[in-house]
Amino acid sequence: IEISPGVPQPLRLAKETESALQKGFVRDSACQYCDLTMCCIRDASFVLCPSCRQATPLQADESYDVSSNDMFGVGLGILKYI
């Protein structure tokens, strides 16, 4: 998908997202537009909010053991129930 004009990123699909959930390979995130708390694939560069459908950029985070060189694509945001 195109994140902004001329900036394409691969969409990480539902099957990959489901596999990441089962393996615990997810991270917490929050939408920068509507503040929805969600989780997504740990090594995604962006997360697509299921509420407002905007893409929020994600930063590398040592606590998730993922470097910025390993991050790619747009992960699907999954609602986090506590």
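Preceding this paragraph is the structure being described.
Residues numbered from 1 in each chain as written. Predicted model: local features only at pLDDT ≥ 70, side-chain atom pairs only at ≥ 80, totals over all residues. Heavy atoms only, no water.

Draft legend 1. View of the packing of aromatic side chains. On inspection of all chains with the given rule, the structure shows zero aromatic pairs. The side chain of R12 reaches across the aromatic face of F72, ending 3.9 Å from its centre. (Phe/Tyr/Trp six-rings, centres within 6.5 Å; stacked < 30°, edge-to-face > 60°. Lys NZ or Arg CZ within 6 Å of the ring centre and 35° of its normal.)

Draft legend 2. Molecular detail of the sheet that holds strand β3 (residues 26-30). The strand order across the open sheet built from three strands is β3-β4-β8, with neighbouring strands paired in antiparallel fashion. The open sheet has two edge strands, β3 and β8 (78-79), and neither has a second partner. Examined bridge by bridge, β3 and strand β4 (residues 37-41) share five bridges and lie antiparallel to one another. Residue V26 lies in a different strand from β4, and its bridge partner there is I41. (Pairing = 2+ DSSP bridges. Helix = DSSP H or I, 4+ residues; strand = E, 2+ residues; numbered from the N terminus.)

Draft legend 3. Focus on the state of the cysteines. Under the defined criterion, the tally for this structure stands at zero disulfides. Left without a disulfide partner, C34 is nearest to the cysteine sulfur of C49, which lies 3.7 Å away. The partly exposed category is assigned to C34, whose relative accessible area is 34%. (Disulfide = S-S within 2.5 Å. Buried < 20%, exposed > 50% of the residue type's maximum accessible area, 1.4 Å probe, protein only.)

Draft legend 4. Spatial organisation of the sheet that holds strand β6 (residues 55-57). If you trace the three strands from one edge of the open sheet to the other, you get β6-β5-β7, paired in mixed fashion. At either end of the open sheet lies a strand with only one pairing partner, and these are β6 and β7 (74-76). The sheet shows a mean angle of 30° between the axes of neighbouring strands, direction not considered. Bridge count between strand β5 (residues 46-48) and β7: three bridges; the pairing is parallel. Its bridge partner lying in β7, F46 is registered against V74. (Axes fitted to C-alpha atoms, helices over the stretch in contact; angles between N-to-C directions.)

Draft legend 5. Focus on unusual backbone geometry. At D35, a residue that is not glycine, the phi angle is positive and equals roughly 65°. Within the fold, D35 resides in the loop between β3 and β4. Despite not being glycine, R53 has its phi angle at roughly 65°, a positive value. Summarising the element assignment, R53 is placed in the loop between β5 and β6.

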